[in-house]
Amino acid sequence: MVTLNSFLVLGALVFCIGLFGALSKRNAVAILMSIEIMLNAVNITLVAYASAFQSFAGAGHGERLTGQIFAIFIITVAAAEAAVALAMIIAIYRRRSTIDVGQINLMRW
Amino acid sequence: MTSTIGLPQIWLLSPELSVVLLSFLVLGLDLVTRRKAVTWATAFIGLIIPLALTFSLAFNTFGSRPTTAFYGMLVVDTYAIFFKLLFLLIGFTVILVSYQFVEKYLRATPGEYYSIILMSLAGMMLIGSSGELITIYISFELTSIPLYILAGLSRSDTRSAEAAVKYVLLGAMSSAILLYGMTLLYGATGTTDLVEIAKATTSVLHTGNLLLIVGEVFIFAGFGFKVSAVPFHMWAPDIYEGAPTPSTLFFSVGSKAAGFAALLRIFVFGGLVALNSSYLWVMVAVVAALTMIVGNVGALLQTNIKRMMAYSSIGQAGYLLVGFASLIIHNTTAGDQAMLVFLFVYIVTNIGAFTGIIALGDATGRENIRDFDGFGRRSPWIAAGMAVCFLALAGIPPMAGFLSKLVIFWVAWGQGSGMTILVIIGLLMSAVSIGYYANVVWRMYVVEPEKRDYVQTPVSVGLTMAVAVAGVIALTIVFGPLMAQVGIGANSLFGALVH
Amino acid sequence: MSPVEFVPVIPLLPLVAMVIILLVTRPLDVAAQRRAGLRPGPSPRGGHDDHGGATGHDAHAAHEDAHDAHDAHGGGHGHGVTTTWGMIGSVIAVIAMVGAFALAIAILFQFLGSPSLQRTGYTAHLWDWFNFGPLHYVIDFRVDPLTAVMLVVVTGVSMLVHLYSIGYLAGDPGYSRFFLELALFTVSMLILVLGANVLVLYIGWELVGLSSYLLIGFWFDVAPPPPGSDLPYPPSAALKAFVTTRLGDFGMLIGILILFVTTGTFTFTTLNTPSTYQHVDQFTVTLAMILIFCGAVGKSAQFPLHVWLPDAMAGPTPVSALIHAATMVAAGVYLVARFFPLYAQVAGPQSLEVVGWVGAFTALFAAVIALAQNDIKKVLAYSTISQLGYMFVGLAVAPTDATGIFHLFTHAFFKALLFLGSGSVIHAVAGNQDMRRMGGLAKYMPITAITFLAATLSISGFPLFAGFFSKDAIIGEAFTYGADHGGNYWFYGLTLFTAGLTAFYMFRLFFMTFGGKGGAFGGFWGGERQYRGDAHPHESPWVMTLPLILLAIPSVLAGYWSINSGFANFMTASTNQPYNGPALDTLTYAGVAVALAGIGLAWLVYGAEIIPARVFTSNPVGRAAHVVLVNKFYLDELYGFLIKYIILALSQGAVLFDLYVIDGIVNGSARSVQRLGDATRRTETGALQNYAAAIFGGALIIALVVFIATGAFVR
Amino acid sequence: MLLTAIVFLPLVAGILALLAPERAARWIAAVFTGAVFLLTLWLYFGLLGSGAPNFGTVMDPQWYINLKWIDVSLGSFHFKVDYALGADGLSITMLILNGLLSLLAVIGSWKISNRPKLYFAMLLVLETGVMGVFASFDLFLFILFWEIELVPMFLLIGIWGGQRREYAAWKFLIYTLVGSAFTLAGIFLIYFETGGNNASFQHFAQTAPGLTGSLPFFGTTVSLALVVFLLLFVGFAVKIPMWPVHTWLPDAHTEAPTAVSVLLAGVLLKMGAYGLIRICLGFAPHGAVEFAPILGVLAAINVLWGAGASMVQKDMKRMIAYSSVSHMGYVLLGVAAAAAVGASDVAFRQAALTGAALQMFTHGTITGMLFFSVGVLYDKAHTREIDIFGGIGKRMPLLMLLYSIACFASLGLPGLSGFVSEYLVFTGSFATLPIPTICAAFGVVLTAGYLLWMLRRSFYGPLNMKWDWLTDATWLEATPLIALTLVILFVGIYPLPIVNLLTPSMQQMLHGMSAIVAH
Amino acid sequence: MPLNIATVAFYVIAVALVGSSLAVVMLRNIVHAALFLAVSFGAAAGVYVLLNAEFIAIVQILIYAGAVTVLVLFAIMLTQNAMSRSSSPFSGQTWLAAIIAVALAAGLIFTVGASQMALAEPGASANMVNGINGGGSVTRIGQLLYSPFSYSYVLPFEIASVVLLVAIIGAIVIGRED
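Now for a look at the structure at hand.

Conventions we followed
Residues numbered from 1 in each chain as written. Chains lettered and ligands numbered in written order. Predicted model: local features only at pLDDT ≥ 70, side-chain atom pairs only at ≥ 80, totals over all residues. Heavy atoms only, no water. Helix = DSSP H or I, 4+ residues; strand = E, 2+ residues; numbered from the N terminus. Buried < 20%, exposed > 50% of the residue type's maximum accessible area, 1.4 Å probe, protein only. Contact = heavy atoms within 4.5 Å. Areas by Shrake-Rupley, 256 points an atom, 1.4 Å probe, with all protein chains shown as cover. Buried area = accessible area lost by both parts, 1.4 Å probe. Polar contact = N/O pair within 3.5 Å; in protein donor to acceptor, adjacent residues only side chain to side chain. Pairing = 2+ DSSP bridges. Patch = residues over 30% accessible without salt bridge, like charges linked within 9 Å, V, L, I, M, F, W, Y side chains within 5 Å. Salt bridge = Lys/Arg side-chain N within 4 Å of Asp/Glu carboxyl O. 1 Å grid on protein atoms, 1.4 Å probe; cavity = no way out; pocket = protein on both sides within 12 Å on 5 of 7 lines; lining within 4 Å. Points joined across faces, edges and corners; volume = space filled by probe spheres on them. Nonpolar A, V, L, I, M, F, W, Y, C, P; charged D, E, K, R; others polar. Core = buried A, V, L, I, M, F, W, Y, C linked by side-chain atoms within 4.5 Å. Axes fitted to C-alpha atoms, helices over the stretch in contact; angles between N-to-C directions. Parallel < 35°, antiparallel > 145°, perpendicular 65-115°, else oblique. Expected span 1.5 Å × (residues − 1).

## Comments concerning the overall build of chain E
Across its full length, chain E holds six helices and zero strands. Scanning chain E from its N terminus toward the C terminus, one meets helices and strands in the order α-α-α-α-α-α. Looking at chain E as a whole, 49% of its 178 residues are labelled buried. In chain E, the proportion of contacts linking residues at least 24 apart, taken out of those at least 6 apart, comes to 55%. As displayed, chain E offers around 8100 Å² of accessible surface, 74% of which is attributable to carbon and sulfur atoms.

## What to know about the side chain of Ser139 of chain B
Along the chain, Ser139 of chain B falls in helix H6 (residues 133-151). By relative accessible area, Ser139 of chain B is classed as buried at 0%. If near-sequence neighbours (up to four positions away) are discounted, Ser139 of chain B is found in contact with Gly123, Leu126, Ile127 and Ser130 of chain B together with Ile159 of chain E.

## Topic: the interface of chain E and chain A
In this assembly, 89 residues from chain E lie in contact with 73 residues from chain A. Interface of chain E and chain A: buried area, both sides summed, is about 7200 Å²; carbon and sulfur atoms make up 77% of it. Our count for the chain E to chain A interface comes out at eight residue pairs in polar contact (both at pLDDT 80 or more). Taken together, the elements giving at least two residues each to the side of chain E that touches chain A come down to helix H1 (5-26), helix H2 (30-50), helix H3 (54-78), helix H4 (94-114), helix H5 (137-146) and helix H6 (154-175) of chain E.

## Some thoughts on the arrangement of the chains
Take the eight pairs of chains in contact: the one carrying the most contacts is chains A and E. The two units chain A and chain D are non-contacting; their minimal C-alpha-C-alpha distance is 24 Å. Of all C-alpha pairs spanning chain D and chain E, none lies closer than 31 Å, and the two are not in contact.

## Digging into the side chain of Ser154 of chain B
Position of Ser154 of chain B among the secondary structure elements: in the loop between H6 and helix H7 (158-189). Ignoring anything within four residues of it in the chain, the contact list for Ser154 of chain B reads Tyr105, Arg107, Ser160 and Pro244 of chain B.

## As for the environment of Pro257 of chain D
Residue and element names in this part refer to chain D. Assignment of secondary structure puts Pro257 in the loop between helix H10 (248-255) and helix H11 (258-283). A relative accessible area of 12% places Pro257 in the buried class. Taking the C-alpha atoms as reference, Pro257 lies 9.3 Å from Ile159; in sequence the two are 98 residues apart. With sequence-adjacent residues up to four places away left out, Pro257 is seen in contact with Tyr119, Leu156, Ile157, Trp160, Gly161 and Lys317.

## Some thoughts on the pairing of strand S1 (residues 62-74) of chain D
Side-chain direction in a regular strand flips from residue to residue, so the side chains alternate between the two faces of the sheet. Residue and element names in this part refer to chain D. Sheet topology note: the S1/strand S2 (residues 77-87) ladder contains 10 bridges and is antiparallel. The residue bridging Lys68 from the neighbouring strand is Asp82, located in S2. In this antiparallel pair of consecutive strands, S1 and S2, the connection spans two residues, and Gly75 shows a positive phi of 60°.

## What about a nonpolar patch on the surface?
Residues and elements named next belong to chain C. A contiguous nonpolar surface patch, about 770 Å² in accessible area, is contributed by Leu12, Leu15, Val16, Val19, Leu22, Leu23, Val24, Leu28, Trp85 and Ile88. Contributing elements (two or more residues each) for the nonpolar patch: helix H1 (9-35) and helix H3 (84-113). A total of eight residues in the nonpolar patch trace back to one element, the largest contributor, which is H1. Note on placement: Ile88 falls in helix H3.

## Things to note about the pattern of salt bridges
Per the stated rule, a full pass over the model turns up 35 salt bridges over all chains. Where Lys199 of chain B meets Glu196 of chain B, a salt bridge forms, and the shortest distance between an N and an O atom there is 3.6 Å. One end of the pair is Lys199 of chain B and the other is Glu196 of chain B, both in helix H8 (residues 194-203) and three residues apart, which spans about a single turn. Put simply, Arg164 of chain D and Asp251 of chain D hold a salt bridge, and the shortest N to O gap is 3.2 Å.

## A word on empty space enclosed by the protein
Rolled over the atoms, a probe with the dimensions of a water molecule shows which regions are left empty. Taken as a whole and assessed by the stated rule, the structure comprises 10 cavities of 30 Å³ or more. Taken as a whole, the largest cavity spans an internal volume of roughly 160 Å³. As for the largest cavity, its lining consists of 15 residues, and the residues nearest its centre are Gly395, Leu427 and Ser430 of chain B together with Glu147 and Leu184 of chain D. Elements represented by at least two residues in the lining of the largest cavity include exactly helix H17 (400-414) and helix H18 (417-445) of chain B together with helix H7 (165-193) of chain D. Looking at side-chain class alone, the lining of the largest cavity contains 10 nonpolar, three polar and two charged residues.

## Some remarks on the interface of chain B and chain C
Between chain B and chain C, the residue contacts involve 35 residues of the former and 28 residues of the latter. Taken together, the two surfaces of chain B and chain C that pack against each other cover about 2700 Å², and 81% of this comes from carbon and sulfur. Contact with chain C buries area across many residues of chain B, yet Met234, Tyr279 and Leu301 of chain B alone supply 23% of it, more than any other trio. Every element with two or more residues in the side of chain B that touches chain C is listed here: H7, helix H9 (210-227), helix H10 (235-242), helix H12 (277-298) and helix H13 (305-330) of chain B. When grouped by side-chain class, the residues that make up the side of chain B that touches chain C number 28 nonpolar, four polar and three charged.

## Points about the nonpolar core
Counting residues in hydrophobic clusters, the biggest one holds 827 residues, and the most contacted among them are Tyr137 and Phe339 of chain C together with Phe79 and Phe233 of chain D. The element contributing the most residues to this core is helix H3 (residues 66-96) of chain A, with 22 residues. When residues no more than four places from it in sequence are discounted, the contact partners of Phe233 of chain D are Ile240, Met242, Leu276, Cys280, Phe291, Leu295 and Leu332 of chain D.

## What to know about the packing of H6 of chain B against H7 of chain B
Residue and element names in this part refer to chain B. Between H6 and H7, the shortest axis-to-axis distance is 9 Å and the interhelical angle comes to 170°. Classified by the angle their axes make, H6 and H7 are roughly antiparallel. Seen from H6, the contacting residues are Leu133, Ile136, Tyr137, Phe140, Glu141, Leu147, Tyr148 and Ala151; seen from H7, they are Ser160, Ala163, Ala164, Tyr167, Val168, Gly171, Ala172, Ser175, Leu178, Leu179, Met182 and Leu185. When the residues that make up the contact of H6 with H7 are grouped by side-chain class, the tally is 16 nonpolar, three polar and one charged.

## Notes on helix H19 (residues 459-477) of chain B
Here H19 of chain B contains 19 residues, and its C-alpha end-to-end distance of 26 Å stays within 8% of the 27 Å for a straight helix at 1.5 Å per residue. Among the residues making up H19 of chain B, those that are buried are Ser460, Val461, Thr464, Met465, Ala468, Val469, Gly471, Val472, Leu475 and Thr476 of chain B.

Dropping the structure here:
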């Protein structure tokens, strides 16, 4: 039986996979990809909740579609953020010829 | 709650709206004129409009107004107005102090620069008056993305680009954890409206609800990143150091204030502190203690003044978190009020401190603590103002910094035995903090400079410093009325709970 | 208005003189000296050396070698001229002292003539310091028979010493300063004896210490004597005197405090009333009295705190006469006498036993050391210590304080005379103090010699001289005491033996100085042939001989006051106990016999030189003893060792503790905070993933902590 | 108004001195400190004029002014800081002392040439801070003023100090701040335990006897009042300074310029003692009573430790600094004795407490004089090493005279003020704390030892020809010394006025303590 | 337990999602990873479809699988030589990352399963994928996003527009060649 929990667990798993990538990869672009996976997981969770709350339609604002709306905003903003982040990665690549975050450590201590 | 959108609702939104429109205008000026002064003046003078509109909101100049608009997503209570004013103050000073920097060091055109700042400012102002999670998130991103950009704006400085990359990637991660937290909150309560969340937490849910707790922890982590609370603080030193100095000033005051504005809005207005307060208290208290310790201790051996200021701002966040902890433990407005006052004073003093750093940085391009040797003679007035602000940050009387810190600790002590340990840690860390704050004063006044030339500072920087110092002194004198006024704002935050 | 009501005037007179000298004559004197080129003017660097001050002596003093420097002190041999202003100041001081002395005499006679006044005394309230409930800290003067006697002694000797000093110090650049300090001493001593309560007494007590310090160090700028010389060095001697007496004062202070907290009063009349102590443990009082005696031990140079007095001879000789022989050192005796009712009636017998033992031992001890000294003033110094010991024995063994005080009274005169006489001698032989380079001076300075002889006879207890009456009374009382206390004749034996020693060393001194083999009257009256030095001795001027003559009178005659216990009855009038002195003819004969034996032996060895002095040092035992005596039983060395290796070592320990332990902790914690700061810095690796890991790991840990706090895992 | 003027006139002068041309700075400082000194004197004489003078107590302060400053309720508590200034005998004594020493400090640093504007400005700000401490009648205002003094002192040592000024200035700053962190915690504790609505001195004095109860402490309990006392005391102990937190003092005093050393020893240490008496003793008497025996022992250690350490110092100033440690021990002893409620009569405790307060005054003048004397010597010779000199009394007779007077006053010679206070302390404290008193009294012997030994080594003896060129103190240099001599002599001979001034406030305090004994 | 087509679909999609996400983080070749990212986004869209959120699914495909993936690929191409191929793509703290990720996953799974929700008494245990019951929510979503007259998220919507604007400016300013 596929219950809400199935989706939530799926979301949590994917979130943590993305997290693992974000914490372990050295390539800045790969980190960005991992972050996108994390955001995706958040979206899955949100939409799952939204679906679960659909049966309570009318009980409050937005007929419990809020989760879906939220997901849309997240997708939008994530895209914008990705654009800015990629621009920055390219900018640093121009200067340092590397996008290995292990080497992007001029500033420390 | 009105169901339509009309003039009153637009009025409530008007400060933010006007800031956004101003940013468009400034952006457009690039096409029309190449004179930087024009752009600068437009941005600066234009900010008077949102300021006026905010005051009209504060004093209800157009008749009695609703407190919410856009279906509860925009909440214009006293708390929101307080933060709007605070952010406008930040906006004024940051723009004022940026003039010379824009001339000399900027990668972007002035129009782009000021419009980015203004958009971020609009985001900050919206955070303070958002009554709903989605709005908060979006406002939060509106605040953050310009900050990422600002970090990377320095021409020919590799460190600036590095700071930008670090900031954007870490910021995105913190967004992710924040969103996950919001999602869990949504899952637990079924709504993103803070008032509804407050109702759900007070009526339906029970203490010990893990969904709620994990959601709260993640939200705290997300905003903890913004306010640079330990262990989410690690970005701060690098980004402060790498970013151009006016941007750093903007991070250190704007970003932090926005983070706290959102944190308080969600936790207090959203009624989260009503449940689980004892567990949340543990969380916040531990983080507060760590933040104070790491911030103040870490600053001691820094050589770069901006990096030192980053640690300083971490330490200051720790004091604020002490206020937050005392707010949570007994769910009283006292902690809230103390935090707002502290934030206010912190912002004014930090502006002054950074203005001094900018003055030297603009003139010489140097930003090591060592470079401040003999600054007291090379630029007596700026140095004096800077010294006053540093000492206020350190909490040395009679400046308002002492009083605000006193209030934070006073309130915390009043909350009971657990908090006293936190207060003692805080007091000891204040004593430690003098080690690096006074060090700057020491270098400015005691150490002989390598060369005795006079450091030229433009009027704008001098003016900013004058405003900051006057502010610090004025805040000291009117501290009582200030507390009372801020108290109204703090109380308004608790409004949702009584519904 | 009777004389006694003017008693505050007595200290006031020298005080006024002192202030005049300080503010008027001395600055003018210094200015005059500078004009005359007698002292360095404003330095070439253009400083403002224009208000003079305590520049001692003479510019070349520092360059002369130590010996000469010392010689130069023998009373201003033409190194300078006394300026008019200096002379005016000294004359003012003398006039003030004459006035004070006259008033003191008047008061004494008033007391003698009024038995009621003898009983009640007279109290003058000057001003309050403060009052706390029942505790009164007030400045009061009180005159009773004891004080009246002391007033006469102090003002009398002081007056004569002032007069004498005009001659002795003539030409010294510090002439004005000397009179200033001398007047200060007189004021202090008068405060001491006039105090109606312990507070005032203590004030005077400390102030005489100050004056003593200043006057010992009068020649503060001389070069130290060469190593090996036993000449005292004024700066060191002054320091030693002050600190040593302070050590005694420490005990005294504790004793005072015990009395104060048990009785709540400082006033002597209350303190000396036995009924005050109805509810006080006797042991407490005994302890307090022994502690108070510590003060006396220090001030009166009793063993083991006597070491400062011989060194104090570094001061000018008139100072030695006034302070270190006649008055200040007797203050200890005065102190015990002041508290005598407490010692005798309230405290346990142990207190007076301690007084007696210390006194008796010191008397013998100092007399023994005096045997081997060659410095004329040192002999007199040890003699003083010894005689003070007598006085304490007298206080300890007699039923009243009169016996001891009477010896104080007579001793003041003859010992002052001895010192002034020795001063006259030193003056005559160009500052030399070594008796081995004197001899035969009688012919050169007959007045000095004859008066000196009178004093010597007096101190030796030669019948019918003053010392005979006072000292033999003590010896007699000691015998009675032994009879009353189960055959404890130790005091008697010691005092008697010491009397012999005293006679011996005093006549040794006399013969070595004035006489010698082949002199007239069997060696008593020497001349050129006996003189071993190389100066040109001469008789002193009249200002110096006049005091000698004046002092010789009481030295001879003062003893007759004790006939029929007159003095004792005067002293004890307030107690209404008629006093019966020891009727001990046989014992007196014993004392006289011992004295004569001592004189005879001295004549045999030094006067006629029938027995060579080598006899004492030619055998190994004698030689060893002589070495020990010359070195004064090595007590100075012992104290030096204690100070260096105990006090200074402990102090150094404290400093090191501060430096390494406390500051170690302080700096260490500062450093560990810094190290923590460094560690904190090092966590900022610059690597983005570490930061991210901190964010998520931190959130995870916080969540876990909260989980545990909620008990989520338990459920 | 008078107190407001006294507190803030120096600040105004400081700002003026910064703005004025360099030559005028010292005149501004002199005129203003002089005026302030006269005003502080008027504090006393103004009261004296009115028939039976009422010098005030904590409950009944004179020259009282109370303006609302901060007054907001936070939760169930009231955060209230009033601008409350007042004075009782204790305050007036200290205010006069500060007025006098500040004036003399300005005169004593007349010749300063390195950045005089900043120097005098800092000196004046310092005066404001100290005046504020002695005049505030609100605990929060007190702590506010308490810390004002830090930065001027830090800079004064740092800029105009000696060789190791950096170490000394930092040590002073951190030490004091860490100490006052605890004091602030103590203030919080007492504030909330007494209702959390009022921080006025009167309020605390009234509620002090009610400060009972206990706090849990690692499985056991300690009395609340003791905790309050100890927390408050830490900051004061650092300032006094009490062994073992005294080690900042020798460094700070040694490195500070002369006038600053004078102020540091003369008034800043008194801030600690004032806090101890006024706040610890006055507001946490239960705790004081409990702690008194230990305080007595610490006092004795202070006296002996300081004296011992002075004995072996090579640097004149450092020696005097350690002597301050020693002499402040007498203050501690007096306070301890006043708190040591035993069988003894209250009169003894009053004597002890008055003695302690008087010792604060006398030590301020005497040590000030000692530091001035060393300063005169140092300005000429540029060294303070005792053994390097020798026989310089010959070249500097006036200095020798005045220096000797200061030394004798310090070692407790009757007729000079040091004796009065020390004697008073001893007579009072012996009743309750005999053993510590005996130990402390031995300090008097040691004091005589090291001070006179120092004089003997540097001033006595044959003139070391190396110093043949030394000139005597000028009139300008001698002025502060002579002024202090007069004060020392006056108090030494006729201490009644100052004791009368102190008595009512001391009595009030002891009255509070007696109420506890009755409990 | 009824095993209907939707359930099967869920598991298939779930496996694809987890697998492709793992591939993204595990693969050495960054280009391959980017391609798997597209797969992952697509799988997520499938999940949305299962949850009756067709609009989200479409947006997901368009923005994520389309735009963002392409953007990422461009970025990868532009920074082609940035990473030396010999070295590992993982940083030194891989194990730490793994521990954090696993622990966090465990905690989150524990949390979401164990807690009471304000609205979900029947829903939490109900079968969520009874079948695809047709659209219908798109109109509502549209209304909710920007209707000025009924309850809608018009304020965040407008703010989002500014966010996009600022992102554009930022990308231009940052990406501009000096």
